Amino acid sequence: MGIGLIAGLQQELAVVLIVIVLLFIKLGSDRYRTETILGLVNVLLGINLAAGLMMAPTQTVLFGGGFHTNELIILEKNIFNLGTLLISLQAYDWLKGHKLALEFYMLLLSTLAGLFFMISAGNLLMFYLGLEMSTIPLAALSNFDLEKRQSSEAAVKFIMSSAFSSALLLFGISLLYGATGTLDLGTLAASDDNLPLRMAGILGSTGAHALLVFAFVLLLSGFAFKISVVPFHLWTADVYEGSPVPVTAYLSVISKGAVFFAFIQVLYTTFRPLARDWYNMLVLLAVLTMLTGNLFALRQDKLKRLLAFSSIAQVGFILVGMTGSPTTANASVIYFILVYLFSNLGAFGVVAVVSAMTGKEGIDDYKGLYKTNPFLSWVMAISLFSLAGIPPTAGFFGKFFLLMSGAGRGNYVFISMAALNMVISLYYYLRVIKAIFMDANDHPIGRLKISLLPAIALMVCVAGVLLTGLLGWVYDYIYSLSANF
Amino acid sequence: MNLSLFIIIPLVTAVAVMCCRGLRQARWISLAGSLGQLLLSFVLLFRFGQERAAGNSSRMLFEYRHSWFAAWHIDYHIGVDGISVAMILLTAVIVLAGVLVSWNKGPWSKEFFSLLLILALGAYGFFLSLDLFTMFFFLELSVIPKYLLIGIWGSGRKEYSAMKLALMLMSGSALVFIGLLGLYYGSGHSFDILQLAQVPISAGVQRTFFPCLFIGFGIFTALFPLHTWVPDGHSSAPTAASMFLAGISMKLGAYGCLRVATYLMPDAAREYAPIIIVLATIAIVYGAFATMMQKDLKYINAYSSVSHCGFILLGIGMLTRAAINGAVLQMISHGLMTALFFASIGMIYDRAHTRMVDRLGGLLKVMPFISTIFVIAGLCSLGLPGLSSFVAEITVFIGSWQHPGTMYRLATILACASIVITAVYILRASAQTVMGPVKDPQFSVLTDAAWYERLASILLVAGIVVIGVAPFWLNDLLKPGIDAFMVHAGQTGLLK
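Let me sum up the structure you'll find in this document. Bear in mind the structure is a predicted one, so any value in this text is a computation, not a measurement. (Residues numbered from 1 in each chain as written. Chains lettered and ligands numbered in written order. Predicted model: local features only at pLDDT ≥ 70, side-chain atom pairs only at ≥ 80, totals over all residues. Heavy atoms only, no water.)

### Details of the overall build of chain B
Thought 1: When helices and strands are tallied, chain B shows 20 helices and 2 strands.
Thought 2: For a compact globule of 496 residues, the expected C-alpha radius of gyration is about 23 Å, and chain B comes in at 21 Å, within 12% of that figure.
Thought 3: Its C-alpha atoms give chain B principal-axis dimensions of about 70 × 55 × 45 Å.
Thought 4: Relative to its 496 residues, chain B shows a buried fraction of 66%.
Thought 5: In chain B, once contacts between residues fewer than 6 apart in sequence are set aside, the share between residues at least 24 apart is 81%.
Thought 6: Put simply, chain B shows about 15700 Å² of open surface, and 68% of that area lies on carbon and sulfur atoms.
Thought 7: Chain B carries 30 positive and 21 negative side-chain charges, and their two centres are separated by 5 Å. (Helix = DSSP H or I, 4+ residues; strand = E, 2+ residues; numbered from the N terminus. Rg over C-alpha atoms; globule rule 2.2 N^0.38 Å. Buried < 20%, exposed > 50% of the residue type's maximum accessible area, 1.4 Å probe, protein only. Contact = heavy atoms within 4.5 Å. Areas by Shrake-Rupley, 256 points an atom, 1.4 Å probe, with all protein chains shown as cover. Lys, Arg positive; Asp, Glu negative; His and termini not counted. Charge placed at Lys NZ, Arg CZ, Asp CG, Glu CD.)

The following block contains the structure:
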């Protein structure tokens, strides 16, 4: 049991171990050099990633089915380890001058551990625990620009909306439990066909169905809040804008991605019998989300807000992919999240570097950036092209497969809406490109000296954006793991 | 023969250009790369002819297939028939000419050249592709370089034009994308053109997705009323980019209409033919009249491109053998002619710093060479016998006339009549700019074409004249491809 426990929980334990090491450093001494600590943490995160990649693929079930892991879940966790490492590297310039760098990492890594537990959750209780474990430190992280009022505002907004969505989730979970007597995702899934029937004894089949749909809608709303699906997106832009850039990046890529993994599992296991009901809901939400995100993004003046709305639109595209058949939906969503991680972190990485060194975050400030900082400009351009879905970047493949997966159901009106949204989104990405490459500026951002660590992170992002798509086996690998999903 | 070289060479050249320093290195590397590419195209032509002469009658030659996304049955699949060989030759000539006319392009010359080469890469890949996914990949690849080329190095309302072009072409790609998905799911999960041609595609799928594909590709080739990006885009673009846009990029759309939409869904093509023909005729006539009103030389050529590309769509819409043949000839002829036209306009603009017809005049006295090629391009545009357009247009007209319907006849007559309008605007423009006394005394100090400009022009003129005098060479090259196309179009008759 002991060995099995360690083997199954390897990735979670590694993250927690780093937190504990940091805690001891904090307890041991106040007089550490921030740079040293940052270097150490990044090395530890690198080792963590390497260990995760080398981990033997195991299929483990722990805690009476509450926690399970398999090759696909290990891959998902590795993706997040990579993302966390990249964000941590990009945060270097910002944290260098920050008094509480250690605390930043403790909070960040607890969040990550929470997300890991959530992804691996075998029942809804574990899922909820993991989610909350990640949410509360995240709220604290949003407030990490301690002197800025905006940052505190972001934290308050985040905690309020999270609390509300958690309440919705809990309500949905409790309804489900009341109706079926179990929280176990596997059992709920196994009882696919007879689940409504079992309740029919109490409620009659229509009533049972209605109750189930109601529970689903509550759960869906909870999820929708976390992944900022319209109309539950209102917190997103303000929180993204107010939080420090690395935290925004983390929120938009990692926490969102993890909730997507959990969401797709719940959708395709527990709620598969309801597919007819939720298909239309998802279609509607996807269209709304894409349109709203894109239309609001059109007129933003701040890059962070633009990226916030663009990330809402991207969620809409992911929802398009989710409407497909289980295997293609799962594979294309996970693939897209990997692609999205590279592209979005590339864009946020540039914002992080520029913001940490100059404090400028407006699109107008980026005018003429290419003249002074060609490297940053190309990273930004490639990342934005990837977000817009332009070949040869991986974003093209990601979007293509999401829409292809969605088209498998034969709803071409819906796919046309998605394609139209790709065109709309191109406009605002090109606005940024135009500012960087074409517009003249009397006071452009000066030549920035990029530190080694952020430079590495940016190069990894660019490499990821350029290679993930062209190398077809990445998708095929994810697909093969999803095949028995 | 390894066709992937056509994609690798521009890529390597583009990367090399990005790594070098200064204009001098950038242009020599680009020249070397595009010259190599042209030689390679001739090697391909030669080898292709050899294979065909040896009796190899397979549909596509030099095929290469590599599994790309096995889960979706997507392959990197390339191969050529006569039509693609001709298009590749056209691309190689125009890219080389484009590099030559941009010889002193600054600032940011290395970015300029590498974007141009990436554009070329997209075109080569597109013409080589036998897999719709690969094809779509290359089609979209060429959108952003165009945006950057126009937006950074353009003139006039460049940002507006660049954005308009990018958004309209993206909309075109989006439609193509929907059409591709429809084909994929409607035909047994394949993107392979050769395989799709074997599968009967149901009437419903054809009816729904043919318009998506045809309009999508049509936007690229200035299908009325979605042609509005053409005048703005072409006139704002720097010379090499205009040459590429009008010479090759518009042909991507035409090639897509032919090889994807019409080839794979011939029944729907027949059903929608009247609409295509009406739109094409409007484009021809409207484009010609719109050209008459233009004062800017680049706008003149841009609107006349709308009119001339109408002939391509007209030929495709008619679906007779001669008309299709004429459409393909027109693709190549218009590519060369319009590139030459834009090149000469660019040379004039570089020197006189104006493109307004009423401000130019008497250029023949100051720059005889440039004026001559300008006139040659103009004469080609109005279809002078001995030059390529004559061959192409007359083939289209003969093919169109073979269609017995009254409406088709009417369309043919209107299209023929537009030639007269073409003559009006071309002759008027050349008379006002080239002939007569030197209008502005400042013009008298201007220099004639430099060696690189002469080389570029001679290259393009040679192409025009060779096709015009000896069209049978090109026709022999195209014949098997068009025959196969017609056989396929005749075989299926689901809708009848």
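### A look at the overall build of chain A
Thought 1: Within chain A, the regular secondary structure consists of 22 helices and 2 strands.
Thought 2: For 485 residues, the compact-globule formula gives about 23 Å, and the C-alpha radius of gyration of chain A, at 22 Å, lands near that figure.
Thought 3: Projected onto its principal axes, the C-alpha positions of chain A cover 75 × 55 × 45 Å.
Thought 4: Expressed as a percentage of its 485 residues, the buried residues of chain A come to 65%.
Thought 5: Once local pairs closer than 6 in sequence are excluded, the contacts in chain A between residues at least 24 apart make up 82%.
Thought 6: For chain A, the exposed surface amounts to about 16800 Å²; the carbon and sulfur share of it is 67%.
Thought 7: For chain A, the separation between the mean place of its 27 positive charges and that of its 24 negative charges on side chains is 5 Å.

### Some points on the packing of helix α7 (residues 158–186) of chain B against helix α10 (residues 229–236) of chain B
Helix packing for two helices is described by the angle between their axes and how far apart those axes are.
Residue and element names in this part refer to chain B.
Thought 1: The geometry of α7 relative to α10 is characterised by a closest axis approach of 9 Å and an angle of 130° between their N-to-C directions. Classed by the angle they form, the pair α7 and α10 counts as oblique. You can see that α7 and α10 cross each other, and the crossing is left-handed. Where α7 abuts α10, its residues K158, Y160, S161, K164, L165, M168 and L169 lie against W229, D232, G233 and S236.
Thought 2: The residue makeup of the contact of α7 with α10, split by class, is 5 nonpolar, 3 polar and 3 charged. (Axes fitted to C-alpha atoms, helices over the stretch in contact; angles between N-to-C directions. Parallel < 35°, antiparallel > 145°, perpendicular 65-115°, else oblique. Left-handed = near helix turned anticlockwise from the far one by under 90°. Nonpolar A, V, L, I, M, F, W, Y, C, P; charged D, E, K, R; others polar.)

### A short note on the state of the cysteines
Thought 1: For the structure on display, the rule yields 0 disulfides over all chains.
Thought 2: Its sulfur unpaired, B:C309 is 10 Å from the next cysteine sulfur, which belongs to B:C257. (Disulfide = S-S within 2.5 Å.)

### As for the interface of chain B and chain A
As a measure of interface size, the accessible area lost when the parts come together is often cited.
Thought 1: The interface is formed by 34 residues belonging to chain B together with 40 residues belonging to chain A.
Thought 2: When chain B packs against chain A, close to 3500 Å² is buried across both sides, 83% of that on carbon and sulfur atoms.
Thought 3: The interface formed by chain B and chain A contains 0 salt bridges.
Thought 4: In this structure, the connection of chain B to chain A is made through 8 residue pairs in polar contact (both at pLDDT 80 or more).
Thought 5: Going through the elements one at a time, β1 (61–69), α5 (132–141), α6 (143–153) and α7 of chain B are the ones with two or more residues in the side of chain B that touches chain A.
Thought 6: Counting residues per element, the side of chain B that touches chain A draws most heavily on α7(B), at 13 residues. (Buried area = accessible area lost by both parts, 1.4 Å probe. Salt bridge = Lys/Arg side-chain N within 4 Å of Asp/Glu carboxyl O. Polar contact = N/O pair within 3.5 Å; in protein donor to acceptor, adjacent residues only side chain to side chain.)

### Describing the layout of surface pockets
Thought 1: What the largest pocket holds in volume is close to 1300 Å³.
Thought 2: Along its surface, the largest pocket is lined by 41 residues, and A:P392, A:L466, A:L470, B:L11 and B:I118 are the ones closest to its centre.
Thought 3: Elements represented by at least two residues in the lining of the largest pocket include exactly α18 (374–388) and α21 (452–470) of chain A together with α1 (5–19), β1, α4 (109–128), α5 and α6 of chain B.
Thought 4: Ranked by residues supplied to the lining of the largest pocket, first place goes to α1(B) with 7 residues.
Thought 5: Of the residues in the lining of the largest pocket, the class split is 34 nonpolar, 6 polar and 1 charged.
Thought 6: The computed volume of the second largest pocket comes to approximately 690 Å³.
Thought 7: B:F42, B:L45, B:L89, B:V466 and B:L474 are, among the 24 residues lining the second largest pocket, the residues nearest its centre.
Thought 8: Of all the secondary-structure elements, those providing two or more residues to the lining of the second largest pocket are α2 (22–53), α3 (82–101), α14 (321–352), α19 (451–469) and α20 (471–491) of chain B.
Thought 9: Taken together, the residues of the lining of the second largest pocket break down into 20 nonpolar, 2 polar and 2 charged. (1 Å grid on protein atoms, 1.4 Å probe; cavity = no way out; pocket = protein on both sides within 12 Å on 5 of 7 lines; lining within 4 Å. Points joined across faces, edges and corners; volume = space filled by probe spheres on them.)

### Concerning α21(A)
Thought 1: Taking 1.5 Å as the rise per residue, α21(A) with 19 residues should run 27 Å; its terminal C-alpha atoms sit 27 Å apart, in good agreement.
Thought 2: Residue A:G464 marks the point of greatest curvature in α21(A), where the axis turns by about 25°. (Expected span 1.5 Å × (residues − 1). Bend = angle between axes of the 7 residues up to and from the residue.)

### What about the pattern of salt bridges?
Residue and element names in this part refer to chain B.
Thought 1: Under the criterion given, the structure shown has 26 salt bridges over all chains.
Thought 2: K164 is the salt-bridge partner of D232, the closest N and O atoms lying 2.7 Å from each other. Separated by 68 residues along the polypeptide, D232 in helix α10 and K164 in helix α7 bring together distant segments of the chain.
Thought 3: In this structure, the salt-bridge partner of R351 is E453, at a minimum N-O distance of 2.6 Å. One end of the pair, R351, is in helix α14; the other, E453, is in helix α19, with 102 residues separating them in the sequence. Of the two residues, R351 and E453, neither departs from the other in class, the shared state being buried.

### Considerations on the side chain of B:S187
All names here are of chain B.
Thought 1: As for its position among the elements, S187 is in the loop between α7 and α8 (193–198).
Thought 2: In this structure the side chain of S187 is engaged in a polar contact, spanning 2.6 Å, whose partner is the backbone oxygen of L183.
Thought 3: Discounting chain neighbours no more than four positions away, the residues touching S187 are L196, V199 and I201.

### Points about the packing of aromatic side chains
Thought 1: Taken as a whole, this structure holds 73 aromatic pairs over all chains when the rule is applied.
Thought 2: Ring centres of B:Y184 and B:F191 lie 4.6 Å apart, and the angle between their planes is 35°; on these two criteria the pair is classed as tilted. We note that B:Y184, like B:F191, is buried.
Thought 3: The positively charged end of A:K399 is found above the aromatic ring belonging to A:F317, 4.5 Å away from the centroid. (Phe/Tyr/Trp six-rings, centres within 6.5 Å; stacked < 30°, edge-to-face > 60°. Lys NZ or Arg CZ within 6 Å of the ring centre and 35° of its normal.)

### Observations regarding unusual backbone geometry
Thought 1: The linkage connecting A:V230 with the following residue, A:P231, adopts the cis geometry, with an omega of 5°.
Thought 2: Structurally, the position occupied by A:P231 is in the loop between α11 (205–226) and α12 (234–242).
Thought 3: B:F224 connects to B:P225 through a cis peptide bond whose omega is 0°.
Thought 4: For B:P225, the location among the structural elements is in the loop between α9 (203–220) and α10.
Thought 5: Here the phi dihedral of A:S228 falls at roughly 45°; this positive angle occurs in a residue that is not glycine.
Thought 6: When you line up the elements, A:S228 lands in the loop between α11 and α12.

Interpretation note: all reported values are geometric properties and have no functional meaning in isolation.
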